[in-house]
Amino acid sequence: MSLRSLSVRVLPGVGPQKERALEALGIRTIDDLLHTYPFRYDERADKPFPEWRDGDRVTARAVVEGPVQVRWRGSKSIMTARVRVDGQYPVVCLWFSQHYLRSKLTDGRLIVVTGKWNEALRRLVVSETSFGGAQAPAWVPVYRASKDLSSRAIHQLILKALEQYADDIPESLPYALVRKYRLWTHREALFGIHRPTSPEDVRQARRRLVFEEFLLFQIQLQWLRSKREEPAGRAQPVPRDALTRFEALLPSPMTNAQRQACEDILRDLERPVPMARLIQGDVGSGKTWVALFACFAVHLARGQSALMAPTEILAEQHARLARQLLEQAGVRVELLTGSVTGRERDRVLQGLASGDVSLAVGTHALLSEGVEFRDLALLVTDEQHRFGVAQRARLREKGRAPDVLMLSATPIPRTLALAIYGDMDVSVLNELPKGRKPIQTLAVRSSEDEAVFRLIRRELARGRQAYVVAPAIEAGDRDDVASATELYERVREHLAGFRVELLHGRMSSAEKERMMRAFRDGDIHALVATTVIEVGIDVPNATVMAIYGAERFGLAQLHQLRGRVGRGPHPSYCLLIHDASSEAARARIETMLQTNDGFEIAERDLELRGPGELFGLKQSGLPEFALGDLARDYRIMEVAREEALALVRRDDFWYAPWAMELRNALKEAMDKVSYRD
Ligand SMILES: Nc1ncnc2c1ncn2[C@@H]1O[C@H](COP(=O)(O)OP(=O)(O)OP(=O)(O)O)[C@@H](O)[C@H]1O
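Given the structure is predicted, the values throughout are model-derived calculations rather than measurements.

> Let's hear about the overall build of the chain: which residues, and what values?
A tally of helices and strands in the chain yields 22 helices and 21 strands. The proportion of buried residues among the 677 residues of the chain is 53%. A separation threshold of at least 6 residues defines the contact pool for the chain, and within that pool the share at least 24 residues apart is 72%. Put simply, the chain shows about 31700 Å² of open surface, and 49% of that area lies on carbon and sulfur atoms.

> Mind laying out the site of the ligand, listing which residues take part and the relevant values?
Around the ligand, 19 residues are found, and the nearest of them are Gly-284, Lys-287, Thr-288, Arg-436 and Arg-567. Arg-436 is positioned with one of its side-chain polar atoms (N or O) 2.6 Å from an oxygen atom of the ligand. Measuring from an oxygen atom of the ligand, one finds a side-chain N or O atom of Arg-564 at 2.9 Å. Notes on the ligand: free accessible area 630 Å², of which the protein chains cover 87%. Residues belonging to the shell around the ligand are distributed by class as follows: 5 nonpolar, 8 polar and 6 charged.

> Can you tell me about the environment of Ala-526, naming the residues and giving the values?
Within the element layout of this structure, Ala-526 appears in strand β19 (residues 526-529). Taking C-alpha positions, Ala-526 is 9.1 Å from Arg-492, a pair spaced 34 residues apart along the chain. Those residues within four positions of Ala-526 in sequence are excluded, and the remaining contacts are Leu-460, Ala-466, Leu-495, Arg-499, Val-500 and Glu-501.

> Any details on the environment of Asn-256? Residues and values, ideally.
One can find Asn-256 in helix α8 (residues 256-270). Relative accessible area serves as the criterion here: at 53%, Asn-256 is assigned to the exposed category.

> Please provide a residue-by-residue account of the pattern of salt bridges, values included.
In total, this model carries 33 salt bridges according to the counting rule given. Lys-147 is the partner of Asp-148 in a salt bridge, and the nearest nitrogen-oxygen pair spans 3.9 Å. Neither residue differs from the other here; Asp-148 and Lys-147 are each classed as exposed. Arg-323 is the partner of Glu-334 in a salt bridge, and the nearest nitrogen-oxygen pair spans 3.6 Å. With Glu-334 in strand β11 (residues 333-336) and Arg-323 in helix α10 (residues 312-326), this residue pair connects regions lying 11 residues apart in the sequence. Judged by relative accessible area, which is 5%, Glu-334 ranks as buried. By sharing partners, the salt bridges in this structure join Arg-323, Glu-327, Arg-332, Glu-334, Glu-344 and Arg-347 into a single network.

> Can you explain the side chain of Glu-643? Please cite residues and give values.
For Glu-643, the location among the structural elements is in helix α21 (residues 634-649). Taking relative accessible area as the criterion, Glu-643 reaches 9% and is therefore assigned buried. Here Lys-180 takes part through its side chain, which lies 2.7 Å from a polar atom of the side chain of Glu-643. For Glu-643, the residues in contact, after removing those within four places along its chain, are Leu-177, Lys-180, Tyr-181, Phe-211 and Leu-215.

> Outline the sheet that holds strand β21 (residues 572-578), supporting the account with residue identities and numerical values.
An order of β16-β21-β20-β17-β19-β18 is seen for the 6 strands of this open sheet, with the pairing classed as parallel. At either end of the open sheet lies a strand with only one pairing partner, and these are β16 (439-445) and β18 (500-503). When strand polarity is set aside, the average angle formed by the axes of neighbouring strands in this sheet is 15 degrees. Packed onto the sheet, helix α18 (residues 583-594) meets β16 and β21 and runs at close to 150 degrees relative to β16.

> Summarise helix α5 (residues 186-194); cite the residues concerned and give the values.
In terms of burial, α5 is a largely internal element, 7 of the 9 residues being buried. Along α5, the residues classified as buried are His-186, Ala-189, Leu-190, Phe-191, Gly-192, Ile-193 and His-194.

> How would you explain the packing of helix α3 (residues 151-165) against α5 if you had to name every residue and give the values?
Here α3 crosses α5 at 155 degrees, and the two axes come no closer than 11 Å. As summarised for this structure, α3 and α5 are arranged roughly antiparallel, according to the angle between their axes. α3 and α5 meet at a crossing whose hand is left-handed. Here His-155, Ile-158, Leu-159 and Leu-162 of α3 come into contact with α5, specifically with Leu-190, Phe-191 and His-194.

> Could you give me a rundown of the pairing of strand β12 (residues 359-362), with the residues and numbers involved?
Burial along β12 is two-sided: the residues Leu-359 and Val-361 and Ala-360 and Gly-362 are all buried. Inspection of the sheet shows strand β10 (residues 304-308) paired to β12 by 4 bridges, in the parallel sense. Counterpart to Ala-306 in the pairing with β12 is Ala-360. Taking the sense of rotation as the criterion, the β-α-β connection linking β11, helix α11 (residues 342-354) and β12 turns out right-handed.

> Describe the side chain of His-194, with residues and values.
Position of His-194 relative to the elements: it lies in helix α5. Here His-194 falls in the buried class, since its relative accessible area comes to 0%. A polar contact is formed between the side chain of His-194 and the backbone oxygen of Leu-34, at a distance of 2.7 Å. Setting aside its immediate chain neighbours within four residues, His-194 contacts Leu-34, Thr-36, Tyr-37, Pro-38, Pro-141, Tyr-143, His-155, Ile-158, Leu-159 and Leu-162.

Quick notes on the rules
- Residues numbered from 1 in each chain as written.
- Predicted model: local features only at pLDDT ≥ 70, side-chain atom pairs only at ≥ 80, totals over all residues.
- Heavy atoms only, no water.
- Helix = DSSP H or I, 4+ residues; strand = E, 2+ residues; numbered from the N terminus.
- Buried < 20%, exposed > 50% of the residue type's maximum accessible area, 1.4 Å probe, protein only.
- Contact = heavy atoms within 4.5 Å.
- Areas by Shrake-Rupley, 256 points an atom, 1.4 Å probe, with all protein chains shown as cover.
- Near = heavy atom within 4 Å.
- Polar contact = N/O pair within 3.5 Å; in protein donor to acceptor, adjacent residues only side chain to side chain.
- Nonpolar A, V, L, I, M, F, W, Y, C, P; charged D, E, K, R; others polar.
- Salt bridge = Lys/Arg side-chain N within 4 Å of Asp/Glu carboxyl O.
- Pairing = 2+ DSSP bridges.
- Axes fitted to C-alpha atoms, helices over the stretch in contact; angles between N-to-C directions.
- Parallel < 35°, antiparallel > 145°, perpendicular 65-115°, else oblique.
- Left-handed = near helix turned anticlockwise from the far one by under 90°.
- Right-handed = clockwise from strand over helix to strand, strands pointing away.

Now the structure itself:
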């Protein structure tokens, strides 16, 4: 009999009413019940007596010092006894309706009592008693309850089900996995999570159940991915020495992380399935070089690449770098954006169609009508362009199932990357190029921002440039602009003699781009801006990032903004000007002062805010796990992913008996959750 089809009605004491109450909590079967997990455990602190406070729930070892008295109020009994706690403190214990314990409370007997301390009466109202010196369970699971069903009632039902059906709980994981990771069996884990005798029980039980949960999730992702890989791509004949030849073009050596990512890409290109790889890099870690290597390798294999940026100015920036590095090796690079028109556009289109252009750098314009490649083999895009089905179809028309490389400008914890992009392979750039000067981050109270201006003036006088970011305002654009304008006036006063400009969200994109260009070219000394400052903009001469209202920004945003400086040979500064009063705001600023590492910051962000909040992914299919926690359990996610990959690659996974229970669990999970494409 499968517990998945056994109704909770089989349990003694569950009639129609309880059945309905359980159903309201989503519990229909014994299997549902056993997999209803506690959301916390109430710890029974074993505090020494002098620390007991009125109302505390405490557990104590005590010796009975007689006399035991029982009084009756109607049908209810009240029993009291004098005991000595911890061998020293005399206390009166009180039991309601537990007179049946009387015969056990013999003089001099050691008992362990748990109850609530009443300071005024100096009495402990006992709810649980154990004998023989055994330790009472220290952790009591607490379940999400409803008004019809208390946590305690749910726990009782679960314990009954566990006792009655323990032998019918199947082992869902293949034995080899259970052994390899020394996991508890499914049955042991259920006992551990619902009836722990120590924190270690809960830890082991969780480890096993989270692994299983993540494994099921990853198998689904891998399965989706294998479907996606069905339309065969092609193996690209990249020469063995491609990486060496690329490195010879560079002004300085690649970081180890960059080289590793390039090797990952080479391996992908050589496989006949289309590449789907995400480059996860911290700000300034040099993602563009890696992307350009991929384009170069494809060029050597006689294919064409397209590199798509979210804005024209970023496309220009990439095109310039691509020309600098690759043209000397005979790679023809062209820029194609909305502003490229007329004869110039015709010339570029012709080059793409004939195959003379190996690398097209541009914006969305690359996808528009009339843009034809002779043989588009690689598409490099920004994370923001995560393609929908329609776009993918359009691309397929332009090339034959091209390889795809995606760049992510926001470091996110690896776990989350795996969870969100589990259908892609991930390379991480967690290392900055040598010779970067660390950015000095300082927190300044807004009333003391004179110091900020002193520092900016000093830097500008040295020929450097500065960004000043105006506070983000939730109320909307209008206030945003007003506050930015106000700040702009102040900055102008303080920086008299320098050229200061204002950039805000209500300017047209052409105006914004013009302004950014002027800043990039050094024609503007200080740029006051709302958060429209481009992600990814690379102005190595800028050395100050002053952020007003820093308490209102999220950690990821602060880190992105800070990443706009420290990109050249000069020492740089990030000034967080704030009026932080809330605990959370202070924690964010503190984190920024402590570390420059984007991945660490992302982890902290996740801890402080939770994944749903951080990425607004509630609707977009980031699954919510019953037990697993992406912030805490990322290692388990990594292992689960490897194992899932290995499993789905085995032909017999889909029919062999050893995987039957796992397939059943998978089917159940698939029925419950639906994923985005
Ligand atoms: N290994 C390296 N050694 C020295 N300089 C490098 C190296 N790799 C990249 N650079 C340079 O570092 C700067 C930052 O690189 P890039 O713009 O690719 O960063 P990024 O990873 O895209 O970061 P962001 O997301 O902050 O824009 C560029 O000027 C680039 O030429």
